[in-house]
Structures are given as C-alpha cells and as structure tokens.
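# Reading the structure
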Amino acid sequence: MCDSFERANKRLVLSQMTSEKPPLPADGQRDESEAGLEVEQVALEAARDGWDSKVEYFLAQVGFSVGLGNVWRFPYLCHQNGGGAFILLYVLLMGLVGVPLFFLELAAGQRIRQGSIGVWRHISPKLVGIGYSSCVVCFFVALYYNVIIGWSIFYLGSSFQYPLPWENCPTEGNDTVKECAASSPTAYFWYRKALDITDSIDETGELNPIITGCLLAAWVIVCLAMYKGIKSTGKVMYFSSVFPYVVLLCFLIRGVTLDGASEGIKFMFYPRLEIWADVQVWRQAATQVFFALGLGFGSVIAYSSYNPRNNNCHRDAFTVSGVNFMTSVLATLVVFAVLGFRAKTIATECVKRNVKAVLEAMSSTPLPDLLINASDVESLKYEYICSYAQFPSISLAFIAFTEAMTLFPGSPFWSALFFLMLLNLGLSTMFGTMAGILTPLTDTFKTLRNHKLLFTACSCVVGFLIGLTFTQRCGNYFVTMFDDYSATLPLIIVVIFQTISVAWVYGADRFLEDLKRMLDRPVPVVYKYLWKYVCPAAMLGLLGASLLKMILERPTYTAWNREKASKENLPYPDWALAVLSALIIVAFLPVPIGYIHFLLLERLGQSPADAEAGYVPCATTDIDLTPLGTLPPSGDDPNSFPPLLHENHGSRLQNGHIEHFESSNEL
C-alpha cells in the first residue's frame, strides 16, 4: 500500500503543477487503497491555503522585512558608524550572510510547505525545538512591537490639530512649563504627554489610559487582518506595503527642496572608513542585516510555505533583499534631508540671535577685537545634525522627526502622512510576526487548525493583556529591554541551528539537489560553502561579540529625568537583569527541550509522530521532486528511510485532514 500511495501522491503533484488531471495508472497497478484517491486528492489540495497571486506573496514578504527599523534604526546606525562606510559594510554582510540565509529560509518553507516547527522537524525531529523557539521570539516581539504601533496611532490622532500639539510649550498661568522650557516642545510632548514617563524602571506607575486604548486598537486591527489567514492578510498588503513607499517618495521630493537638505545628505554619506577597525560596528551592521530580513522569526518560512513548489524563490531572495536595502537607503535620504533642513534652520536662528546680541553689545561698548568666523556657522549647523545621535533610535520618529515637521508649511498634513506611514510599516511587519506564531502552531496541532479563528482571536487577546505591561508609565523602559534583548541573542542561536541543520545534518549537497529539482534549474554551488562555512562563522562571531558586550558592560537603558528635563543612562537594577536573562533563556529553552524530548521518546520506543497526531509533514512531500538518493526504498524495512522521510510513511483521511501513521504499524 505504501508503494501505491507514493504513486498516487506523485500523480497528484504532477496534476497540481500542470493543472491537468493525473493520468490513470496502468493495468494491474490499482488496488483497493486507490478507491478513495479522489477524496484524498481534494483533502490534500485543501489542506493548505495558497497565495491568490505572486504579487500578494511578494508584498507580504516585502511588508514583513521592511519595517519601522528601516525608517529609524538603519539611519541611526548609519550616522553613528561612519555614514557611507557603514553602508558599504552593510552591503558586504548582506551579500555574504543575509541573502544566503534568507534564500535558505525561503527554500525550506517552499520545499516542505510547513511552518517553522514542521520544517525543522521534517529535517530532523531532534531539532524541532528550533521552530518552537522561533514562535516564542515572535511572541515576545509581537508584545512590544504592537505598543510601538499604538504610539503611532496616538501621534496620528494628535496630528489633526493646528498648530501641532508638540509645536509649542504649554503654559501654566503666565509661565512656560519648566520641564518643556528646559528641553524642547517635542521631547516634552513625547515623554510627558504621550508616555507620562517615570524617572526610572523601578517606578512603575499606573496604566496610561490613552496608550492603553491605542494598544487595544492596534490589536483589533491585527486580529481583523489575520482572522482568515493569508486570504485576508494578502489583501491588506496591497495597501499596507505599498502606501509607505508613496509617503517616502513624497517626503523625499519635499525634503530635497528644503534649504539645508544637501548638507544633511552630504554629512550622511561622507565615508569614515576607519570605523571598519571597530568590532562593535561589524556587530551592529550584522545585527541590522539579521533583523532587516527577519531571519529566524519563522515568518519568512511561513509565507513561503504557501507558495507553489515551482516558484523561483532564488530570485525572490535577491528581489526582496534588494527592495529592503533600497528602502533603507531611501528612508535614510529622507531622514537626513529633513534633519539637514532642521539643523540649518535652528543654526541660522541661533546665529541671528547671537549677532543681534553682539550688535547690541557693540552699540554700548566697543569690541574691536571681536571677529565672527563664517565657518562657525557651518560648525554649529553640523553640531545640530550630530545632535540626532543623542536620541535613542526608537524615539527618533517621535522626537527629532516630529520637530523637523513643525517647520514644514502645512505641518499637520505632513505629520498625519508620516505617522500613517509608520502605522502601515508596523502593521505589515506585525502581520508577518503573527504568521510566524500562528502558521507553525496550526500546522502542528490539529485542534488549533480546526479552530483557527478562535486561536487567532485568543492570541490577540493574550497579547493585549500581557502588553499592558508596556502601557504603564515605565512601560517605555520595558519596550527598550525587549527590543534590545528578548530577540537578538535567541534569534542568532536559532539561525545558527537552522544553518547547521540544513548544511550539515540534512546536507548542503542534498539540499541543493532538492532545490535543483524543485526549481527545475541548477542553484549556484557557492551556496554550499556559504551555508557550511561563511554563514555559521559569521553568526558565531556575532553571537560571541554580543555576549562579550553583555558580559563586559552592564546593560543600561536611557531614562528621562523630570527634574533635569534631560536623558540619562542608568544601569538596569538586579531584578531587571533577572527578567532580561529570563527572556533570553525562555526564548532559547525549546531547543534543548525538543532534543531531550526526542531522546526520551526514543528510549520509550515511541515515535515522535505518534506523540503529536496532528502533525502532517508527509502531506507536503513531492515524491517526484525528491532526489533519487533521498527516496525511500521499496523494501519493507522502515529503518532504511532517510532522515527527511523517516518518521511518516503513509496517510489517511480523517475529519477533513490528512493524518499520518507508521506504515510498519498500521498497514
């Protein structure tokens, strides 16, 4: 019966690829097991949704990879780390590490047609924990990322006022509020009006009702967009992925016409190659490549798993990576064109005030030796551009950029446009993050698959309730903690295991042969060496540099001191370090647990496939696309199956889904 099922599965795959009915089997090849073949074919085809078009898929991948980090983190790092020199380093690491690993995830998801849990279990059941670890990290990221979306909603709602509420300092009686006068209107609005922030993470404070309401709105939007899976998400992507580019182009056209824009762009791209000698610059560039492409989250795998197997994922890897990089450069041009305008405007006003004061002093007291050097004006201008680096990257959009927009004619229009762009950038990434949670879990557990809508709604409710931690008055400090530590180290470890799993456990040569048959074209052999040597070495170096930084330097966060009306770096207290460490451990813990679980089941003589009856990897295996060397033999020895196909050798229809069983036990 196993042989007949393989023949039936082969005909089904051919019919899916050619859109024709499968040919009838030759005489003598039919048996009783093929009586229900048509029913099983329908079940197999209905077992997994697919993208309605290649455009939807492309927009979804671009929307996930292009997020808020492209608008503020990349320009921030670029400015801090040598301008043009950082961009060159980023391109180098993108080519050597980013694109190969991105291609690996795309190919694995498309080849096996499962979420992250199913993919790594399919390659080796011992490594199933990699998929669960990706889900945990996605959950951590979703918790705080939606809070940032909530902030964008708050600022978007506040933009429909003239003048903008952060344009001028408020007054108390006849006096300007002291905290605002000592800082700036935009900083005061962000820290006091939006966040009402405490002086440290130790001071919790009550919930911020406005931000809590915005967080609720963000989760409702996510739930509505995800309730039908990719069928609903794909339609939303037509707007959420395209609209930010329209806004960025509008800002670029407006920005380059502003006085001082050219100085800002020149300052941005002036290369300082000496920074290449700094190990931490390499660490930051590699981390940015890592997060820009969304590696390790499982979302790339989830999205690609809905593709037809003959989709050219190799081309997609280059296309999506290229769009991601160009978006970062476009956003950087916009940011520094606007900040150049802001710097020149503020510097000019400062010079005018100083010249006026000098002239008034000279009218009363002669100052023959006083000289005003024009170069001082340029120095002052660049000093204001440099002041951008003082802002934490996550606050750039809410302080520095908002201040620059107050100088625009028609500032409420530009502000609303900007924060609507941030909202769409955040949502498109959030959809991918949620797919990294929902897809692998519904693929793995039958109960969740049968109640997908309820599971989606419950996930959003749980995310909102836990997210209330971030809407306290000290919530911004927890956002910073999660952003810096909950994902970085666990994801690096996950990607290291992913790369080793494919390149060494499954075999790089074998995987390349799979891809050659799947894509019907050869894949460059250079990927073999990149996956086996370059990428693991680079990721291990990044992991080592990150660990050294944490060990040698006590982690700190940027706090807002109300009395001083300024930022200050504070060390995390001991309890916060314990929370920080717990986040890292919990995110990585599924990897060893999965390995130990497999060994225990093996000791007990129980197959991992028996432990989770809802898992359906064999429904995704194309017999005719599998290399000859990996096909199961025709003999009866179940132990002779290769690792990719070892666990499950048969299937049957039950409750509308394909259930799998051991051929040696059930046949």
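Procedures and definitions
- As a convention, each chain's residues are numbered from 1 in the sequence order in which they are written.
- Thresholds applied to this predicted model are a pLDDT of at least 70 for local features of residues and 80 or more for the giving and counting of side-chain atom pairs; totals over whole chains, interfaces and linings are not thresholded and use all residues.
- For the side-chain quantities, the full set of heavy atoms in the structure was used; hydrogens and water were omitted.
- Secondary structure counts use DSSP, requiring at least four H or I residues in a row for a helix and at least two E residues in a row for a strand, with both numbered from the N terminus.
- By definition, residues are in contact when any of their heavy atoms lie within 4.5 Å.
- We define a salt bridge as a contact between a side-chain nitrogen of Lys or Arg and a carboxyl oxygen of Asp or Glu at a distance within 4 Å.
- Distance and chemistry together define a polar contact, namely a pair of N or O atoms within 3.5 Å, with one atom able to donate a hydrogen and the other to accept it when in protein, and with adjacent residues in sequence counting only for side-chain atoms on both sides.
- When two cysteine sulfur atoms are found within 2.5 Å, that pair is recorded as a disulfide.
- For each residue, the accessible area found with a 1.4 Å probe, counting protein chains only, is set against the maximum for its type, and the residue is called buried under 20%, exposed over 50%, and partly exposed in between.
- Two strands are said to pair when DSSP picks up at least two bridges between them.
- Cavities and pockets are defined on a 1 Å grid built over the protein atoms alone: a cavity is a set of grid points where a 1.4 Å probe fits but cannot escape, while a pocket is an open set with protein on both sides within 12 Å along at least five of seven lines, and lining residues are those with an atom within 4 Å of any such point.
- Grid points are joined across faces, edges and corners, and a volume is the space filled by probe spheres set on the points.
- Amino acids are sorted into nonpolar (Ala, Val, Leu, Ile, Met, Phe, Trp, Tyr, Cys and Pro), charged (Asp, Glu, Lys and Arg) and polar (every other residue, Gly among them).
- Each Phe, Tyr or Trp ring (for Trp, its six-membered ring) is paired with any other whose centre lies within 6.5 Å, and the angle between the two planes then decides the class: stacked below 30 degrees, edge-to-face above 60, tilted in between.
- Sitting over a ring, as applied to charges here, requires NZ of Lys or CZ of Arg to be within 6 Å of the ring centre and within 35 degrees of the ring normal.
- UniProt positions are given in the numbering used here, feature names are shortened, and annotations may be inferred rather than shown by experiment.
- The quantity called pLDDT is the predictor's confidence in a given residue, expressed from 0 to 100.

Helix and strand counts for the protein chain come out as 29 helices and six strands. Excluding contacts between residues fewer than 6 apart, the proportion of contacts in the protein chain whose partners are at least 24 apart in sequence is 82%.

What follows covers the pattern of salt bridges. Applying the stated rule across the entire model yields 11 salt bridges. Between Glu553 and Lys549 there is a salt bridge; the shortest N-O distance is 3.2 Å. Between Asp574 and Arg554 there is a salt bridge, with the nearest N and O atoms lying 3.0 Å from each other. You can see Asp574 sitting in helix α26 (residues 574–588) and its partner Arg554 sitting in the loop between α25 (526–552) and β3 (556–561), a full 20 residues away along the chain. Put simply, Glu179, Arg192, Asp196, Arg473 and Arg562 are held in one network by salt bridges that share partners.

The next subject is the side chain of Thr327. In this fold, Thr327 is placed in helix α17 (residues 313–364). A polar contact of 2.7 Å, which involves the side chain of Thr327, links it to the side chain of Tyr245. In this structure, Thr327 is in contact with Val66, Tyr245 and Leu248, ignoring residues within four places of it in sequence.

This paragraph deals with the state of the cysteines. Considering all chains together, one arrives at one disulfide under this definition. A sulfur-sulfur distance of 1.9 Å marks the disulfide that ties Cys169 to Cys180. When the S-S torsion is -80°, as for the bridge of Cys169 with Cys180, the disulfide is left-handed. Here Cys180 lies in helix α9 (residues 178–182) and Cys169 lies in the loop between α8 (129–158) and β1 (171–172), a separation of 11 residues in the sequence. By relative accessible area, Cys169 is classed as partly exposed at 24%. Under the relative-accessibility criterion, Cys180 is labelled buried at 1%. Between Cys135, a cysteine without a disulfide, and Cys138, which holds the nearest cysteine sulfur, the sulfur-to-sulfur distance is 6.6 Å. Exposure remark for Cys135: the relative accessible area of 7% places this residue in the buried category.

Before going further, it helps to examine the pairing of strand β4 (residues 566–571). As paired strands, β3 and β4 are joined by six bridges and run antiparallel to one another. Bridge pairing in β4 places Ala559 opposite Glu568. A loop of four residues connects β3 with β4, the two strands running antiparallel in sequence, and Ala565 in this loop sits at a positive phi of about 55°.

So, on to unusual backbone geometry. Geometrically, the link from Tyr162 to Pro163 is a cis peptide bond, its omega value of -5° lying close to zero. Tracing the chain through its elements places Pro163 in the loop between α8 and β1. Even without a glycine there, the phi angle at Arg113 is positive, about 55°. Residue Arg113 is classed as buried on the basis of its relative accessible area, which comes to 16%. A positive phi angle, near 45°, is found at Asp196, a position not held by glycine.

As enumerated under the stated definition, the model contains 11 cavities of 30 Å³ or more in all. In this structure, the largest cavity is lined by 21 residues; those nearest its centre are Gly69, Arg73, Tyr145, Phe291 and Thr429. Of the residues forming the lining of the largest cavity, the biggest block, four residues, is contributed by α8. Here the residues of the lining of the largest cavity are counted per class, giving 12 nonpolar, seven polar and two charged. Each pocket or cavity is described by its volume, and for the second largest cavity that value is around 150 Å³. Lining the second largest cavity are 14 residues, with Gly229, Tyr306, Leu438, Thr439 and Lys452 sitting closest to its centre. Only α12 (230–240), α20 (411–444) and α22 (452–467) provide two or more residues apiece to the lining of the second largest cavity. Broken down by element, the lining of the second largest cavity gets its largest block of residues, four residues, from α20. Looking at side-chain class alone, the lining of the second largest cavity contains seven nonpolar, five polar and two charged residues.

Assignment of secondary structure puts Ala182 in helix α9. We classify Ala182 as exposed; its relative accessible area is 51%. C-alpha of Ala182 to C-alpha of Ala565: the two residues are 383 residues apart in sequence and 5.9 Å apart in space.

In this structure, Val586 sits in helix α26. Taking the C-alpha atoms as reference points, Val586 and Val136, separated by 450 residues in sequence, lie 7.9 Å from one another. Once you skip the residues sitting within four places of it in the chain, Val586 turns out to touch Val136 and Phe140.

Here we come to the packing of aromatic side chains. Both the distance between ring centres and the angle between the ring planes are used here to describe each pair of aromatic rings. All chains considered together, the criterion is met by 49 aromatic pairs. Its guanidinium or amino end placed over the ring of Phe408, Arg254 lies 5.7 Å from that ring's centre, counting from NZ or CZ. Lying across the ring of Trp504, Lys532 places its NZ or CZ 4.3 Å from the centre.

Here we come to the UniProt feature "binding site: Na(+)" (unreviewed entry) in the protein chain. Following the UniProt record, the feature "binding site: Na(+)" (unreviewed entry) maps to Gly63, Val66, Asn70, Asn324 and Leu425 here. Spanning 363 residues, the named residues form one tight spatial group whose C-alpha atoms are at most 12.3 Å apart. The subset of the named residues that lines the largest cavity consists of Asn70. Note on placement: Asn70 falls in helix α4 (residues 68–71).

Next up on the list: the environment of Gln114. By the element assignment, Gln114 lies in the loop between α6 (84–112) and α7 (116–123). Each C-alpha atom of the pair Gln114 and Ser304 lies 9.0 Å from the other, and the pair is 190 residues apart in sequence.

Model confidence for the protein chain is summarised by a mean pLDDT of 78, while 77% of its residues fall at 70 or above. Mean pLDDT across the elements of the protein chain bottoms out in helix α29 (residues 663–666) (34) and peaks in α22 (94). Here residues 1–46 scores under 50 on pLDDT; set against residues more than four positions off or in separate chains, the count is 50 contacts. In the model, residues 610–667 has pLDDT below 50 throughout and makes 143 contacts with residues more than four positions away in sequence or in other chains.

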